[in-house]
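Coordinate analysis (summary)
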Amino acid sequence: MTAPRTPKIPYGGDYNPEQWPEHVRDDDHRLFTEAGIDTLTVGVFSWSLIQPGPGTHDFTALDRTLDRAAAEDRRVCLATGTAALPPWLARHHPEVNRTDFEGRRHRYGQRHDFCPSSAEYKRAATALAGRLAERYADHPALLAWHVNNEYGGACYCDLCADAFRTWLRERYTTLDALNDAWWTTFWSHRYTDWDQIEPPSALTEHWRGPDHTAFQGITLDYHRFTTDALLGCFLAEKEAIRAHDPDTPVTTNMMGPYRPLDYHRWAPHLDFASWDNYPPPDAPPTRAALGHDLIRGLRDGAPFWLMEQTPSTTACRDVNPLRRPGELRLATWQAIAHGADAALYFQLRASRGACEKYHGAVIGHAGRADTRVFREVAALGRELAGTGAATLGARTPARTALLFDWDSWWALEISDGPSRAVRYPDVVHAYYRAAREAGADVDVVPVTADLTPYDVVLVPVLHLVKGDLADRLTGVARRGGSVLATFLTARCDEHDRAFLTDVPGPLAPLMGIRIDEWDSRPPDVVQPVGLGEFRTTARHVFEIVLPRGAEPVGTYGADFYAGTPAVTRHRVGAGEAWYVATALDQPGVDHVVRRVLARHGLVGPYADHPAVETATRVAPDGTRLLFLLNHAPEPARLTAHFTAEDLLTGERTDRGEPFALGPHGVAVLRLQ
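This write-up is about the structure you can find in this document. Residue positions within a chain follow its written sequence, with the count starting from 1. The model is predicted, so local features are restricted to residues of pLDDT at least 70 and side-chain atom pairs to those at 80 or more, both for listing and for counting; the totals for chains, interfaces and linings are taken over all residues. Only hydrogens and water are set aside when side-chain values are computed; all heavy atoms of the structure are taken into account.

1. Observations concerning the overall build of the protein chain
A helix here means a DSSP run of H or I that spans at least four residues, while a strand means a run of E at least two residues long, and both kinds are numbered starting from the N terminus. Counting its secondary structure elements, the protein chain contains 17 helices and 27 strands. Computed over the C-alpha atoms, the radius of gyration of the protein chain is 26 Å, within 12% of the 26 Å expected from 2.2 N^0.38 for a compact globule of 672 residues. C-alpha extents for the protein chain along the principal axes are approximately 75 × 75 × 40 Å. Across the 672 residues that make up the protein chain, the buried fraction comes to 60%. Each accessible area value is a Shrake-Rupley result obtained with a 1.4 Å probe; residue values ignore everything except the protein chains displayed when judging cover. Of the accessible surface of the protein chain, which amounts to about 26000 Å², a share of 51% is contributed by carbon and sulfur atoms. Under this rule, positive means Lys or Arg and negative means Asp or Glu; His and the chain ends count for nothing. Taken as the charge centre is NZ of Lys, CZ of Arg, CG of Asp or CD of Glu, depending on the residue. Here the protein chain holds 70 positive side-chain charges and 87 negative ones, and the gap between their average locations is 2 Å. Atoms counted for the radius of gyration: C-alpha only. Globule rule: 2.2 Å times residue count to the power 0.38. Three exposure classes are used, based on accessible area relative to the maximum for each residue type with a 1.4 Å probe and protein chains only: buried under 20%, partly exposed in between, and exposed over 50%.

2. Focus: the sheet that holds strand S25 (residues 652-653)
At least two DSSP bridges between two strands are needed for those strands to be called paired. The strand order across the open sheet formed by 5 strands is S21-S22-S27-S24-S25, and the pairing between neighbours is antiparallel. Among the strands making up the open sheet, the edge pair consists of strand S21 (612-618) and S25. Summarising the sheet, strand S22 (residues 624-630) and strand S27 (residues 666-671) pair through 5 bridges and their orientation is antiparallel. Across the sheet, the residue bridging to leucine 625 is arginine 670, located in S27.

3. Describing the packing of aromatic side chains
Aromatic contacts are taken between Phe, Tyr and Trp rings whose centres are within 6.5 Å, Trp giving its six-membered ring; a plane angle under 30 degrees counts as stacked, one over 60 as edge-to-face, and the others as tilted. For the structure on display, the rule yields 31 aromatic pairs. With a centroid separation of 5.6 Å and an interplanar angle of 70°, the aromatic rings of tyrosine 11 and tyrosine 345 are classed as edge-to-face. Residue tyrosine 11 is found in strand S1 (residues 11-14), and its partner tyrosine 345 is found in strand S9 (residues 340-345); the two are separated by 334 residues along the sequence. With respect to burial, tyrosine 11 and tyrosine 345 carry one shared label: buried. Here phenylalanine 164 and tryptophan 182 contribute two aromatic rings whose centre-to-centre distance is 6.5 Å and whose plane-to-plane angle is 15°, an arrangement assigned as stacked. Of the two residues, phenylalanine 164 sits in helix H6 (residues 158-172) while tryptophan 182 sits in helix H7 (residues 175-182), which places them 18 residues apart along the sequence. For phenylalanine 164, a relative accessible area of 0% corresponds to the buried category.

4. Considerations on unusual backbone geometry
A cis amide bond links phenylalanine 346 to the next residue, glutamine 347, at an omega of 10°. Among the structural elements, glutamine 347 can be located in the loop between S9 and helix H12 (372-387). Looking along the chain, the bond that leaves valine 503 and enters proline 504 is cis, with omega of 10°. With respect to the secondary-structure elements, proline 504 resides in the loop between strand S13 (482-486) and helix H16 (508-511). Its identity is not glycine, yet histidine 112 carries a phi of approximately 50°, on the positive side. The buried category is assigned to histidine 112, whose relative accessible area is 15%.

5. A word on the pairing of strand S11 (residues 442-445)
Every second residue of S11 is oriented toward a common face, with Val442 and Val444 on one face and Asp443 and Val445 on the other, all of them buried. Taken together, the 4 bridges between strand S10 (residues 400-403) and S11 define a ladder with parallel strand orientation. Each bridged residue has a counterpart across the sheet, and for threonine 400 the counterpart in S11 is valine 442.

6. Quick look at the sheet that holds S1
Spatially, S5-S4-S3-S2-S1-S9-S8-S7-S6 is the arrangement adopted by the 9 strands of the open sheet, whose pairing is parallel. Only two strands of the sheet have a single partner each, and these edge strands are strand S5 (250-251) and strand S6 (253-254). Here 3 bridges tie strand S7 (residues 274-276) to strand S8 (residues 304-308), and the two strands are oriented parallel to one another. Its bridge partner lying in S8, serine 274 is registered against tryptophan 305. Taken strand by strand, helix H10 (residues 285-298) contacts S6, S7 and S8, and its axis lies near 155° from that of S7. Residue contacts are defined here by distance: any two heavy atoms, one from each residue, within 4.5 Å place the two residues in contact. Fitting a line to C-alpha atoms yields each axis, with helices limited to the stretch in contact; the angle taken between N-to-C directions then spans 0 to 180 degrees.

7. Here we look at the pattern of salt bridges
Two side chains with opposite charge may pair up if their charged atoms get near one another. Salt bridges are defined by distance alone: a side-chain nitrogen of Lys or Arg within 4 Å of a carboxyl oxygen of Asp or Glu. According to the stated counting rule, one finds 54 salt bridges in the structure shown. The shortest N-O distance in the salt bridge between arginine 491 and glutamate 543 comes to 2.8 Å. One end of the pair, arginine 491, is in the loop between S13 and H16; the other, glutamate 543, is in strand S16 (residues 534-547), and 52 residues separate them in sequence. Between glutamate 576 and arginine 571 there is a salt bridge, with its nearest N and O atoms 2.9 Å apart. What emerges from the salt-bridge pattern is a single network uniting Arg171, Asp221, Arg224, Asp405, Asp407, Lys466 and Glu494.

8. What to know about a nonpolar patch on the surface
Residues Trp183, Phe186 and Trp187 make up a contiguous nonpolar surface patch of roughly 410 Å² in combined accessible area. Tracing the backbone shows phenylalanine 186 in the loop between H7 and helix H8 (216-242). Like charges are joined within 9 Å and nonpolar side chains (Val, Leu, Ile, Met, Phe, Trp, Tyr) within 5 Å, but only among residues with over 30% relative accessible area and no salt bridge; these make up the patches.

9. Some points on the nonpolar core
One broad trend across soluble globular proteins is that nonpolar side chains are buried collectively. Definition of nonpolar core: a set of buried residues of the types Ala, Val, Leu, Ile, Met, Phe, Trp, Tyr and Cys, connected through side-chain atoms within 4.5 Å. Ranked by size, the top nonpolar core spans 166 residues in total, and within it Trp333 and Leu473 carry the most contacts. Discounting residues that sit within four places of it in the chain, leucine 473 has contacts with Leu403, Leu451, Val457, Val459, Val483, Leu507 and Leu510. Residues Cys155, Tyr156, Ile197 and Phe215 belong to the second largest nonpolar core, which totals 23 residues.

10. Focus: helix H15 (residues 469-478)
What sets the pattern is the α-helix's 3.6 residues per turn: residues three or four places apart point alike. All of the buried residues in H15 are Leu469, Ala470, Leu473, Thr474, Val476 and Ala477. Looking down the long axis of H15, one finds its buried residues gathered within 150° of arc, a one-sided arrangement. Those residues of H15 that are exposed and aimed more than 90 degrees away from the buried face are Asp471 and Arg478. One or two steps after H15, the chain reaches glycine 480, where phi turns positive at roughly 115°. Taking the helix axis as origin, the arc is that swept by the directions to the C-beta atoms.

11. A few points about the environment of valine 42
Structurally, valine 42 is set in strand S2 (residues 39-42). Between the C-alpha atom of valine 42 and that of histidine 146, which follows or precedes it by 104 residues, the distance is 9.0 Å. Among residues more than four places away in sequence, those in contact with valine 42 are Tyr15, Leu62, Thr65, Leu66, Val76, Cys77, Leu78 and Ala79.

12. Here we look at the packing of helix H1 (residues 22-35) against helix H3 (residues 60-71)
Where H1 meets H3, the closest approach of the two axes is 12 Å, and the angle between their N-to-C directions is 30°. It follows from the interaxial angle that H1 and H3 lie roughly parallel. For H1 against H3, the interelement crossing comes out right-handed. Contacts between H1 and H3 involve Glu22, Arg25, Asp26 and His29 from the former and Arg64, Arg68 and Ala69 from the latter. When grouped by side-chain class, the residues that make up the contact of H1 with H3 number 1 nonpolar, 1 polar and 5 charged. Oblique is the label for any angle not covered by the other classes, which are roughly parallel (under 35 degrees), roughly antiparallel (over 145) and roughly perpendicular (65 to 115). Crossing handedness is defined as follows: a turn of the near helix away from the far one that is anticlockwise and smaller than a right angle gives a left-handed crossing, while the clockwise case is right-handed. Residue type decides the class: Asp, Glu, Lys and Arg count as charged, Ala, Val, Leu, Ile, Met, Phe, Trp, Tyr, Cys and Pro as nonpolar, and the leftover types, Gly among them, as polar.

13. Looking at the side chain of histidine 112
In this fold, histidine 112 is placed in the loop between helix H4 (87-92) and helix H5 (119-136). Setting aside its immediate chain neighbours within four residues, histidine 112 contacts Ala83, Arg98, Asn148, Asn149, Glu150 and Tyr151.

Structural measurements only, silent on function.
Right, dumping it as C-alpha cells:
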C-alpha cells in the first residue's frame with residue numbers, strides 16, 4: 001500500500017476544533033477555504049474526549065468534525081488519539097505510566113508517558129483504534145490513518161524488564177550466546193539465569209546519564225528492544241484498524257534523525273512514511289534536507305508526507321526564532337523537492353492555553369486573515385493548487401548514497417573512547433552537506449540497502465559493520481564506483497565487540513590501510529591537514545594510518561604524526577576507496593567529497609553557488625523536474641544549463657541564458 005492518491009498535494013495540518021465553540025469553527029472553515037486548505041489532521045489528542053471513562057464513548061465532537069470536513073469538500077487524516085493517556089486510565093491502572101531512567105514511576109501528566117509493555121495500555125489503545133475504524137472506515141472525508149503521534153521515549157519498569165528478557169530469549173536463544181555477545185566475563189557479569197538480567201539504567205549499568213554505560217552490549221540491545229516495543233504498539237493499533245478498514249493507508253509521524261528509535265525497523269510496516277520537520281534554530285538548510293532524504297529512504301525512495309512544520313515559529317525551545325518572509329514557501333518547496341507529496345502544518349489554529357499557545361499557527365488567536373503568516377500560507381496554497389500536482393508520485397534519481405545506521409549512532413555515542421565530542425549526526429550531516437552543496441542528489445539509506453544503483457557510497461562514522469556489508473561495498477568499488485569511509489568506521493561488530501583484526505576491521509582490505517593507534521584531543525585542539533595545495537584543519541580524533549596499498553591524499557601537519565596520511569585513496573578494481581582518518585572541518589569535507597563526486601560527473605552546474613540548492617525528481621510519466629532553491633536573502637544570478645520551463649511562472653529559459661532566482665526564491669524547472 002502507498003500514500004493516499006490525491007489529485008493535488010494535500011495542504012493543511014493539525015486541527016483541534018474540539019477546543020472551540022461552533023462560531024469559531026465556522027470562521028475556521030471560511031479561512032481554510034481562503035487559504036486553500038483541503039486536508040485536516042484531527043483527533044491527535046482526543047482520547048479523553050472520545051472516552052471520558054472506562055466503557056463509555058462519545059463520538060459527537062468527532063462526528064461533527066468529519067461531517068463538516070466532508071461538507072466543505074475537505075479530507076481528513078484521522079488520528080487514533082493514543083499518544084496522551086486519559087486521566088482515568090492512569091488512575092485506574094497505574095502500571096500504564098512509565099518508569100524513567102532513574103527508576104521513578106511517573107504519575108499522570110504530560111503526553112507520551114505510557115509504558116509500551118503495559119498490556120492494559122495496549123488493550124485500551126487498540127480498542128479505541130478499532131472503534132474509530134469501525135465507525136469511520138467508510139466516511140467520505142477519511143483520507144489516511146494517523147496512529148499515535150511522534151512515538152518516543154523508554155520505560156524501565158518491571159513490565160519492561162520482563163518483556164526485555166523475553167526479547168533477549170528470542171534474539172539469543174541461549175544464555176551462552178548472550179554472555180558472549182555482551183562480553184560478560186568482564187567485571188564478573190556472566191548470567192546464569194534470564195531473570196538476573198536488569199534493564200540498563202541509572203540504577204544498574206549507567207553513571208552520568210544514558211550515554212555512560214559499563215556494558216555497551218546490553219545498552220545497545222535495550223535501544224533495539226525499545227524500538228521494537230513501541231513498534232509493537234503501533235502494529236497492534238494498525239491491526240485493529242485493518243480489522244474494519246483494509247484499504248485506507250496507515251502511517252505515524254516520525255521525527256527525522258531521531259536518536260531514540262530506529263526507523264529502519266519500522267519502515268516495512270508503514271503504508272507510507274511521514275514526518276514532522278522542526279530543524280534546529282539557525283541550522284543550515286541541509287539539516288532539514290537530510291531529514292527529508294532519510295524519511296524518503298525508509299520506503300525505498302517512495303514519496304512521503306510532510307506531516308508537520310511550523311508556519312512561523314516553534315514554542316518548545318528556549319529561544320524560538322521567527323521564519324522570515326519567504327522562508328515558509330522555501331521550506332515547503334524544499335520538502336517537495338526531496339520527495340514530499342503532502343505539505344501540512346502544526347497547527348491550523350493557535351491553542352488558547354497550555355504549552356503550545358505561543359506555537360506558530362496559520363490562524364492566530366484573533367482569527368485574522370490579514371496577518372503576514374496567513375497571507376503567505378494562502379499564497380502558497382494557491383501556488384500548490386496550480387502546480388503541485390506535477391510532482392505527485394515523482395522519485396529522486398540519485399546516484400549517491402549515504403549509509404545511515406541507528407545501531408552505529410547508539411554504539412558510537414555510548415562508547416567510552418576515543419572521544420565523546422564526536423556526535424554521529426554532526427559527522428553524517430557534514431558529509432551529506434558536502435554532497436548536497438556540490439549538487440548531488442543523495443539517497444539516505446540503511447546498511448541493508450541495495451547498493452547497485454549508486455556510483456558513490458558515503459560511509460561516515462559507521463561504527464558497527466554487520467552482515468555482508470564489507471563485501472557489498474567492495475563490489476561497489478570493483479565495478480567502478482567510489483566508497484568513502486571515515487574515522488571510527490568498522491570498529492566493532494553488531495554486538496559492539498571490537499573486531500579481532502586490524503582497524504578498520506572488515507573494511508581494511510577495501511581501504512588498503514592499517515590503523516594501530518589513534519589520538520583524541522579536546523575540541524579546542526585543532527590540527528592542520530594538507531590536501532595537496534589545499535589547506536584545512538581537523539579536530540577530535542586523529543587516526544594514525546599505515547598505508548597497505550592505499551596512497552596518501554592528505555597528511556597531518558602537526559604532532560609526532562605530522563606527515564602521515566590523514567586522507568587516503570585505494571584503487572580497487574575499476575573504482576576507488578577513500579578513507580578520511582580525522583574529523584575534517586567543513587571546507588575539508590567539501591574538498592574531499594567534491595573530488596570523489598567529480599570522478600563520476602556528479603558535481604552539479606550550480607556547485608559554485610552554495611546558497612542555491614538543487615534537487616531532481618522524475619515524474620511517473622518520465623518528466624524530469626529540477627528544483628532550484630535560493631536559501632540566501634539576496635538574489636542569485638545564474639546561467640541556464642538546460643532549456644526548461646518554470647512551472648511556477650510559465651517562463652521558458654534557453655540553455656546558456658542568464659536568469660535570476662530571487663531572495664528565498666524557488667524555481668521548478670520542467671527540463672526539455
